[in-house]
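The chain contents come next:
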Amino acid sequence: MILIADSSALIALSVCDSLTLLDQLFKEVLVPQAVFDECIKPGKPEAEELSDYLKGKVCPVDMSHFVYLDAYADAGESEAMVLYKQKSADKLLIDDKRGRKVAKINNISTIGSLGVLLSAKQAGLIKIVKPRLEKIVGSRVYLDSALVTIVLEMANE
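What comes next concerns the included structure.

### Quick look at the overall build of the protein chain
When helices and strands are counted, the protein chain shows 9 helices and 5 strands. Each helix and strand of the protein chain, ordered N terminal to C terminal, gives the series β-α-α-β-α-α-β-α-β-α-β-α-α-α. For the protein chain, whose C-alpha radius of gyration is 15 Å, the value lies close to the compact-globule estimate of 15 Å for 157 residues. Expressed as lengths along the three principal axes of its C-alpha atoms, the size of the protein chain is roughly 45 × 30 × 30 Å. By the burial criterion, 45% of the 157 residues in the protein chain qualify as buried.

Listed below in structure tokens is the structure:
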């Protein structure tokens, strides 16, 4: 399975030391240059760890593939959706609610950082989700409290 990733979800997974779960759950993890650039900006949370993790995962984007976008899509999100189409990927890793809606319009299958944690638990890669979720909540990454409650219920925690 091929996963194309956007920066917000990568940052959330980095905060909770869970980037390696992506490699265990997916055959190939790729990002467009714009996502890589967003992730490694000086001052960005987890920039150094993401720079190390994303080495060899940056893929050129052929912008001739068509996707519908809204006026708020940033370069990383836009390139990630185009790369998804270009690679006939299986999932787009994205946390942004608006971005997920745009992906749905484009028939792009999405998974968020919390979905990765749940999938990892179901696959037996991690035993519990809660400590990782708490690390994200305690960081600068925003998570809706109702979503956190739902995820913990889904994880039976």
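Now that the structure has been shown, the text picks up again.
### Digging into the side chain of Ser113
Here Ser113 shows up in helix H7 (residues 113-122). Of the residues examined, Ser113 reaches a relative accessible area of 0% and is grouped as buried.

### Section: a nonpolar patch on the surface
The grouping of Leu147, Ile150 and Met154 at the surface amounts to a nonpolar patch, some 290 Å² of accessible area in total. Along the polypeptide, Leu147 turns up in helix H9 (residues 145-154).

### Topic: the sheet that holds strand S1 (residues 2-5)
Judged by pairing direction, the sheet is parallel, and its 5 strands sit side by side in the order S3-S2-S1-S4-S5 without closing on themselves. At either end of the open sheet lies a strand with only one pairing partner, and these are strand S3 (58-59) and strand S5 (110-111). Here 2 bridges tie strand S2 (residues 28-32) to S3, and the two strands are oriented parallel to one another. Bridged to Val31 within S3 is Val58.

### What about the pairing of S2?
Among the 5 residues that make up S2, 4 are buried, leaving the element largely enclosed by the rest of the structure. Note: S1 against S2, 3 bridges, orientation parallel. Looking at the pairing, Leu3 lines up with Val29 of S2.

### Some points on unusual backbone geometry
Its identity is not glycine, yet Ser88 carries a phi of approximately 50 degrees, on the positive side. Overall, the relative accessible area of 59% leaves Ser88 in the exposed class. Residue Asn156 is not a glycine yet carries a positive backbone phi of 55 degrees. Judged by relative accessible area, which is 72%, Asn156 ranks as exposed.

### Some points on the pattern of salt bridges
Per the stated rule, a full pass over the model turns up 5 salt bridges. Asp23 is paired through a salt bridge with Lys57; the nearest N and O atoms lie 3.6 Å apart. Residue Asp23 is located in helix H2 (residues 19-25), and its partner Lys57 is located in the loop between helix H4 (47-54) and S3; the two are separated by 34 residues in the primary sequence. Counted as one network, the salt bridges with shared partners bring together Glu77, Asp96 and Arg98.

Here is what the cut-offs are and how they apply
Residues numbered from 1 in each chain as written. Predicted model: local features only at pLDDT ≥ 70, side-chain atom pairs only at ≥ 80, totals over all residues. Heavy atoms only, no water. Helix = DSSP H or I, 4+ residues; strand = E, 2+ residues; numbered from the N terminus. Rg over C-alpha atoms; globule rule 2.2 N^0.38 Å. Buried < 20%, exposed > 50% of the residue type's maximum accessible area, 1.4 Å probe, protein only. Patch = residues over 30% accessible without salt bridge, like charges linked within 9 Å, V, L, I, M, F, W, Y side chains within 5 Å. Areas by Shrake-Rupley, 256 points an atom, 1.4 Å probe, with all protein chains shown as cover. Salt bridge = Lys/Arg side-chain N within 4 Å of Asp/Glu carboxyl O. Pairing = 2+ DSSP bridges.

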